[in-house]
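Residue-level listing of the chains:
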Amino acid sequence: ALNAKKAETGQSSMNILSPLSQLAHSLRQAYVEDQRSHILNRGRSILLNTDYHNTVRVGTFVPDDGDCPVDSSGKNTPLASLDQDRMTALFAFHQCSVSTTVQQIIDLCR
């Protein structure tokens, strides 16, 4: 009889938790759907309303081999001229121009 009472109590607590967990799950889904919708609409607006001909410079300036400082061994060191640690400098994005549309889409995705 005691085990049956414990089973009933456990079952009733599961019934209470089930609607609460369903509510939490539905709120989470609604938030995610709202954010997804906002990002897609903003991206669509950027693509339709901005000019693709306006550009902006992005990346890090990395000098050519001929313009680089020479190290003690006599080799040109283009990465040594960067004000970054050596591992980060290896993956530096070289400076280039992209349209402002691309930059806005990338900022939206971040």
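Everything numeric here is computed off the predicted structure, so don't read it as measured data.

Asker: Before we move on, could you go through the overall build of the protein and cite the residues and values that matter?
Answerer: When helices and strands are tallied, the protein shows 3 helices and 2 strands. Listing the helices and strands of the protein from first to last along the sequence gives α-β-α-β-α. Burial status across the protein gives 11% buried among its 110 residues. Of the contacts made within the protein by residues no fewer than 6 positions apart, 66% connect residues no fewer than 24 positions apart. Total accessible area computed for the protein in this model is approximately 9000 Å², and 57% of it derives from carbon and sulfur atoms.

Asker: With reference to specific residues and values, describe the pattern of salt bridges.
Answerer: Under the counting rule described, the total for this entry stands at 2 salt bridges. The salt bridge partner of R36 is E33, with a shortest N-O separation of 2.7 Å. Residue R36 and its partner E33 are located together in helix α1 (residues 2–49), separated by 3 residues, close to a single helical turn. According to the relative accessible area criterion, E33 is partly exposed, its value standing at 39%.

Asker: Hey, could you go over the side chain of T101 for me, with residue numbers and the actual values?
Answerer: Relative to the assigned elements, T101 resides in helix α3 (residues 100–109). Beyond its immediate sequence surroundings of up to four residues, T101 is in contact with I46, L47, T50, D51 and Y52.

Asker: Summarise the environment of N41; cite the residues concerned and give the values.
Answerer: Tracing the sequence through the fold places N41 in helix α1. Within the structure, the side chain of N41 is placed 2.9 Å from the side chain of R44, a separation counted as a polar contact.

Asker: I'd like to hear about the side chain of S99, residue by residue, with values.
Answerer: Within the secondary structure layout, S99 lies in strand β2 (residues 96–99). Judged by its relative accessible area of 12%, S99 falls in the buried class. Those residues within four positions of S99 in sequence are excluded, and the remaining contacts are Y52, N54 and T55.

Asker: Summarise the environment of V56; cite the residues concerned and give the values.
Answerer: Looking at the secondary structure, you find V56 in strand β1 (residues 55–58). Sequence spacing of V56 and T100 is 44 residues, and the spatial spacing of their C-alpha atoms is 6.1 Å. Leave out the neighbours within four places in its chain, and V56 touches C96, S97, V98 and Q103.

How each quantity is defined
- Residues numbered from 1 in each chain as written.
- Predicted model: local features only at pLDDT ≥ 70, side-chain atom pairs only at ≥ 80, totals over all residues.
- Heavy atoms only, no water.
- Helix = DSSP H or I, 4+ residues; strand = E, 2+ residues; numbered from the N terminus.
- Buried < 20%, exposed > 50% of the residue type's maximum accessible area, 1.4 Å probe, protein only.
- Contact = heavy atoms within 4.5 Å.
- Areas by Shrake-Rupley, 256 points an atom, 1.4 Å probe, with all protein chains shown as cover.
- Salt bridge = Lys/Arg side-chain N within 4 Å of Asp/Glu carboxyl O.
- Polar contact = N/O pair within 3.5 Å; in protein donor to acceptor, adjacent residues only side chain to side chain.

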